[in-house]
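Each chain, written out:
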Amino acid sequence: MTTAAYQSTLPANAGWLTRTEAWLDHKGKAAWIAAMVLGFIIFWPVGAALLAYMIWSKRMFGKGCNRTARTPSRHTAWSAMKPSGNSAFDAYKADTLQRLQNEQEAFEAFLERLREAKDKTEFDQFMEDREKRAAEMAKDTEAA
């Protein structure tokens, strides 16, 4: 049975603190925050020391332990719009995107009609209430 291990470029005589720091950097900012929270839970000075270290080393607010900052991402939102080279897939993608665009426009038109109907209902209710109040006031002035 083999186990997956974190591979890094650490010196052979790296201490456990250095290995831990490299492991947390590999896992990302969430691992640093989790370690800090656990440090506060176990013994508050440990959590405070981790917080101070994270701020001092710019791991908290910088991109020091961000994996995406170290490795350029090949998959961005813009790459989805590029042709893939497969004409059948590109045609399918174009058709699907057009269908989704049409569905979005139809849904937005439906929502607009729904808002207009609600507004009209509310306005009609307001006008009815206004007429009732005007009729009641007229009746009260005639009775007096």
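Residues numbered from 1 in each chain as written. Predicted model: local features only at pLDDT ≥ 70, side-chain atom pairs only at ≥ 80, totals over all residues. Heavy atoms only, no water.

Peer 1: Before we go on, may I ask you to explain helix α1 (residues 16–27) in this structure?
Peer 2: Think of an α-helix as turning once every 3.6 residues; residues three or four places apart then point the same way. The end-to-end C-alpha separation of α1 is 16 Å, in line with the 16 Å expected for 12 residues at 1.5 Å each. The set of residues buried in α1 consists of A22, L24 and D25. Looking down the long axis of α1, one finds its buried residues gathered within 165 degrees of arc, a one-sided arrangement. At the C-terminal side of α1, G28 shows a positive phi close to 110 degrees. (Helix = DSSP H or I, 4+ residues; strand = E, 2+ residues; numbered from the N terminus. Expected span 1.5 Å × (residues − 1). Buried < 20%, exposed > 50% of the residue type's maximum accessible area, 1.4 Å probe, protein only. Arc of directions from axis to C-beta.)

Peer 1: What am I meant to see in the pattern of salt bridges here?
Peer 2: Pairing between side chains of opposite charge can happen when their charged atoms approach one another. One pass over the full model with this rule turns up three salt bridges. Among the ionic pairs, D124 bridges to K120, the shortest N-O distance being 3.1 Å. Of this pair, D124 and K120 both sit in helix α5 (residues 87–143), four residues apart, roughly one helical turn. (Salt bridge = Lys/Arg side-chain N within 4 Å of Asp/Glu carboxyl O.)

Peer 1: Would you take a moment to explain the packing of aromatic side chains for this structure?
Peer 2: Aromatic rings in a pair are described by how distant their centres are and how their planes are angled relative to each other. Overall, the coordinates contain two aromatic pairs when judged by the stated rule. Ring centres of Y53 and W56 lie 6.0 Å apart, and the angle between their planes is 40 degrees; this geometry places the pair in the tilted category. Of this pair, Y53 and W56 both sit in helix α3 (residues 44–56), three residues apart, which is roughly one turn of the helix. (Phe/Tyr/Trp six-rings, centres within 6.5 Å; stacked < 30°, edge-to-face > 60°.)

Peer 1: What is the right way to read the side chain of K93 from this model?
Peer 2: Looking at the element boundaries, K93 is found in helix α5. Buried and without a salt bridge, K93 has D90 as its closest oppositely charged side chain, separated by 4.4 Å. Beyond its immediate chain neighbours, meaning those up to four positions away, K93 contacts A80, M81 and K82. (Lys, Arg positive; Asp, Glu negative; His and termini not counted. Contact = heavy atoms within 4.5 Å.)

Peer 1: Mind showing me how you'd approach the packing of helix α2 (residues 29–42) against α3 here?
Peer 2: Helix-helix packing is characterised by the crossing angle of the two axes and by the distance between the axes. α3 packs onto α2 with a crossing angle of 150 degrees between their chain directions and a minimal axis gap of 5 Å. Relative to α3, the element α2 is oriented roughly antiparallel. Here W32, I33, A35, M36, G39, F40 and I42 of α2 come into contact with α3, specifically with W44, V46, G47, A48, L50, L51, Y53 and M54. Among the residues forming the contact of α2 with α3, the class breakdown is 13 nonpolar, two polar and no charged. (Axes fitted to C-alpha atoms, helices over the stretch in contact; angles between N-to-C directions. Parallel < 35°, antiparallel > 145°, perpendicular 65-115°, else oblique. Nonpolar A, V, L, I, M, F, W, Y, C, P; charged D, E, K, R; others polar.)

Nothing here speaks to function; it is geometry throughout.
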